[in-house]
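As a plain string of letters, each chain reads:
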Amino acid sequence: MNNSNSPTLKRSLPLKYVVFFGLAFMAPTTLFSTYGVAVHSTNGMITTAYIVAFIVMLFTAYSYAQMVKAFPNAGAAYTFTQKSLRPHIGFLVGWTIILDYMFSPMISALLLGIAMKAYFPLIPMYVWIILFIVTVTIINILGIKVAAKLNMGLLFLQFGTLALFIIFSIKGLLNGQGAGTLFSILPFIDSNINMPGFLSIIPILCFSFLGFDAVTTLSEETKNPRKSIPRAIYLVTIIGGLYYFIGSYFLQLVWPDYQSFKAPEAAYMEIAMYIGGNFLISYMLAEGIMSSFSSAIASGTSASRILFAMGRERVLPAKIFGYLSPKYRTPVFNILIIGGVALSALFLSLTTAVSLINFGALFAFTFVNISVIAHYYFRKKQRSLMGTIRYLIIPLIGASLTGFFWIKLDIYSLILGGTWFAIGFVYLLNLTKMFRQPPPELAIEQA
């Protein structure tokens, strides 16, 4: 159990920094880099697909907001399920959600390496990857406020990218480019929709919303977390959703024939050249590099806090994972471990990393929804008409949606994620002496 001598994080973040952090983790400009593949899979109904993903995530965001009011700790999904369901389930959820946060910086490093290699073909990609990871690691060690302020600046550039793209899009549409109109149902409805293909892309688009959940890992570093964190969860989800709706709408209007891209993976570059020439392409490439930094900083921060929460209570070795730097008040060893994992960008593929992240995120989301039911409806007996709606029906819908899309993941994701889950299960067996004793539990901070 915690005592006065236990290491604690410093409460210093106001609401705005928490929102910026979540949006930085989300890296909304990934809309552009994933557009070509996503629009093809949805038969052109890309904006409708984002709306569906938004609805799925909004139910889960609601559940995260309810649980953080009860347990405002750095452990996030790990803490929620551990305290409301069973410690063993909490451990397995924490184990799988680590995939989400641990591999996100690797994805950012890989994307940046690919972009820089294109700019400077004579310099090996591994040089950019290593330089990127070292820089992000140093920033995260220096402290949460340093990371938050840097992310705020980088985030404004991402919204500047959307604003600039919309300006060029409106100008082009008014001059007869693309659909030639500012208002169309084209991004919403297609008579030739392939429903299995449409549904298969939703889990990938749900990945685009990751960030609302990450803010819960800052609960012990946020002022008045029971009030600020739920607000941040909703704001991050809604602002991110608006970014995706507006951006995808104009992307499709200015290039209606989504099957004509030379390379779907780089479709946004063809669109940028079509409406804005070299200037818009250069700006979007440069901003993409900056968004990689902001996303890696945010995801590295989240991962280190979850590992710290597990290490502090000796679920993981406390000397390493539960250590805080006396000077910077940051979990230095965890940050270094995450940097080491990010170096896997030197030899792992993007497909492998995304597969692991999707498995971990949807698995954790499903159990956070179930946790609301267990904690409020059963344990707290909130069973009035309004309580039934808030603590049974809404989270049950959320669990059903995330569970459905979790089993809809491709076989590659299920195999890789299942392997990671199996490793965690074996570790849990050892930790609990074949379930003869419970795993260590997080002590909940008393305000």
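So, how was this worked out
- Residues numbered from 1 in each chain as written.
- Predicted model: local features only at pLDDT ≥ 70, side-chain atom pairs only at ≥ 80, totals over all residues.
- Heavy atoms only, no water.
- Helix = DSSP H or I, 4+ residues; strand = E, 2+ residues; numbered from the N terminus.
- Rg over C-alpha atoms; globule rule 2.2 N^0.38 Å.
- Buried < 20%, exposed > 50% of the residue type's maximum accessible area, 1.4 Å probe, protein only.
- Areas by Shrake-Rupley, 256 points an atom, 1.4 Å probe, with all protein chains shown as cover.
- Lys, Arg positive; Asp, Glu negative; His and termini not counted.
- Charge placed at Lys NZ, Arg CZ, Asp CG, Glu CD.
- Core = buried A, V, L, I, M, F, W, Y, C linked by side-chain atoms within 4.5 Å.
- Contact = heavy atoms within 4.5 Å.
- Arc of directions from axis to C-beta.
- pLDDT = per-residue confidence, 0-100.
- 1 Å grid on protein atoms, 1.4 Å probe; cavity = no way out; pocket = protein on both sides within 12 Å on 5 of 7 lines; lining within 4 Å.
- Points joined across faces, edges and corners; volume = space filled by probe spheres on them.
- Nonpolar A, V, L, I, M, F, W, Y, C, P; charged D, E, K, R; others polar.
- Phe/Tyr/Trp six-rings, centres within 6.5 Å; stacked < 30°, edge-to-face > 60°.
- Lys NZ or Arg CZ within 6 Å of the ring centre and 35° of its normal.
- Expected span 1.5 Å × (residues − 1).
- Axes fitted to C-alpha atoms, helices over the stretch in contact; angles between N-to-C directions.
- Parallel < 35°, antiparallel > 145°, perpendicular 65-115°, else oblique.
- Left-handed = near helix turned anticlockwise from the far one by under 90°.

Q: Please explain the overall build of the protein chain as it appears in this structure.
A: Counting its regular elements, the protein chain contains 15 helices and zero strands. A globule of 447 residues ought to have a C-alpha radius of gyration of about 22 Å, and the protein chain, at 22 Å, matches this closely. With the C-alpha coordinates aligned to their principal axes, the bounding extent of the protein chain is approximately 70 × 55 × 40 Å. Among the 447 residues that make up the protein chain, the fraction classed as buried is 57%. Working note: accessible area of the protein chain is about 18,000 Å², and carbon and sulfur atoms make up 70% of it. In the protein chain, 29 positive and 13 negative side-chain charges are present, and the distance between their average locations comes to 15 Å.

Q: Even after reading the chapter, I still don't get the nonpolar core, so can you show me in this structure?
A: Side chains that are nonpolar tend, in soluble globular proteins, to be buried together. Ranked by size, the top nonpolar core spans 134 residues in total, and within it Phe32, Phe165 and Ile233 carry the most contacts. The element contributing the most residues to this core is helix H10 (residues 267-312), with 18 residues. The residues contacting Phe165, other than those within four sequence positions of it, are Phe32, Gly247, Phe250, Leu251, Val254, Ile271, Ile275 and Leu280.

Q: Looking at this structure, how should I read helix H12 (residues 332-342)?
A: When we look at burial in H12, the residues that qualify are Val332, Asn334, Ile335, Ile338, Gly339 and Ala342. Looking down the long axis of H12, one finds its buried residues gathered within 165° of arc, a one-sided arrangement.

Q: Looking at this structure, how should I read the confidence of the model for the protein chain?
A: Reading predicted coordinates in detail is not appropriate for stretches of low pLDDT. Here the protein chain averages 84 in pLDDT, and 93% of its residues register 70 or above. Counting interchain partners and residues more than four positions distant, the pLDDT-below-50 stretch residues 443-447 has 12 contacts.

Q: How should unusual backbone geometry be read in this particular structure?
A: It is generally the case that most residues other than glycine have a negative phi and that most peptide bonds are trans. Positioned with a positive phi, Lys381 is a non-glycine residue whose angle comes to about 55°. Within the secondary structure, Lys381 is located in the loop between helix H13 (350-379) and helix H14 (385-407). The exposure class of Lys381 is exposed, given its relative accessible area of 56%. We note that Lys433 has phi near 55°; this positive angle belongs to a residue other than glycine. Among the structural elements, Lys433 can be located in the segment after helix H15 (411-431).

Q: When you look at empty space enclosed by the protein in this model, what are you seeing that I'm missing?
A: Any empty space left between the atoms is revealed when a probe the size of a water molecule rolls over them. The full count for this structure, using the stated rule, is two cavities of 30 Å³ or more. Considered as a void within the structure, the largest cavity measures approximately 90 Å³ in volume. Around the largest cavity, the lining residues are Pro105, Phe132, Ile133, Val136, Thr137, Asn140, Ala296, Gly300, Ile335, Ile338, Gly339 and Ala342. Going through the elements one at a time, helix H6 (125-142), H10 and H12 are the ones with two or more residues in the lining of the largest cavity. Partitioned by chemical class, the residues of the lining of the largest cavity number eight nonpolar, four polar and no charged.

Q: Sorry, what's going on with the environment of Leu336 here?
A: Examined against the element boundaries, Leu336 turns out to sit in helix H12. When its relative accessible area of 45% is taken as the criterion, Leu336 is described as partly exposed. It is 24 Å that separates the C-alpha atoms of Leu336 and Ala364, two residues lying 28 residues apart in sequence. With residues near it in sequence (within four places) discarded, Leu336 still touches Thr137 and Ile141.

Q: Hey, could you run me through the packing of aromatic side chains in this one?
A: The relative placement of two aromatic rings is captured by the distance of their centres and the angle of their planes. Per the counting criterion, the structure on display carries 33 aromatic pairs. A ring pair is formed by Phe54 and Phe209, whose centres lie 6.2 Å apart and whose planes are at 45°; its orientation type is tilted. One end of the pair, Phe54, is in helix H3 (residues 46-70); the other, Phe209, is in the loop between helix H8 (195-208) and helix H9 (225-254), and 155 residues separate them in sequence. Aromatic ring contacts, followed pair by pair, group Tyr50, Phe54, Phe159, Phe209, Tyr243, Tyr244 and Phe245 into a single cluster. Lying across the ring of Tyr17, Lys16 places its NZ or CZ 5.4 Å from the centre.

Q: What is the right way to look at H14 in this model?
A: Because an α-helix packs 3.6 residues into every turn, residues spaced three or four apart end up facing the same way. Between its terminal C-alpha atoms H14 stretches 32 Å, which fits the 33 Å expected from 23 residues at 1.5 Å a residue. Burial in H14 covers these residues: Gly387, Thr388, Tyr391, Pro395, Gly398, Ala399, Thr402, Gly403 and Phe405.

Q: Can you help me understand the side chain of Thr47 in this one?
A: By the element assignment, Thr47 lies in helix H3. For Thr47, a relative accessible area of 2% gives the class buried. With residues near it in sequence (within four places) discarded, Thr47 still touches Pro187, Phe188, Phe245, Ser248 and Tyr249.

Q: Would you explain the packing of H6 against H12 in this entry?
A: Helix packing geometry: the angle between the two helix axes and the distance between the axes. Following both chains from N to C, one finds H6 and H12 inclined at 165°, their axes separated by 10 Å at the closest point. Classed by the angle they form, the pair H6 and H12 counts as roughly antiparallel. The handedness of the crossing between H6 and H12 comes out as right-handed. On the side of H6, the interface is formed by Ile133, Thr137, Asn140 and Ile141, while H12 contributes Val332, Ile335, Leu336, Gly339 and Ala342. Grouping the amino acids of the contact of H6 with H12 by side-chain chemistry returns six nonpolar, three polar and no charged.

Q: What is the right way to read the environment of Leu218 from this model?
A: Within the fold, Leu218 resides in the loop between H8 and H9. The class for Leu218 is buried, based on a relative accessible area of 0%. Linking Leu218 and Pro72, residues 146 residues apart in sequence, is a C-alpha distance of 8.8 Å.

Q: Teacher, can you tell me more about the environment of His375 here?
A: Residue placement: His375 occurs in helix H13. You can call His375 buried: its relative accessible area is 6%. As a C-alpha pair, His375 and Tyr391 span 16 residues in sequence and 8.7 Å in three-dimensional space.

Q: Is there a simple way to explain the packing of helix H2 (residues 30-41) against H9 in this structure?
A: The contact between H2 and H9 brings their axes to 11 Å, and the two run at 55°. It follows that H2 is oblique to H9 by the angle criterion. H2 and H9 meet at a crossing whose hand is right-handed. Between H2 and H9, the residues in contact are Thr30, Leu31, Phe32, Tyr35 and Val39 and Tyr243, Tyr244, Gly247, Ser248, Leu251 and Gln252, respectively. When its residues are assigned to classes, the contact of H2 with H9 shows seven nonpolar, four polar and no charged.

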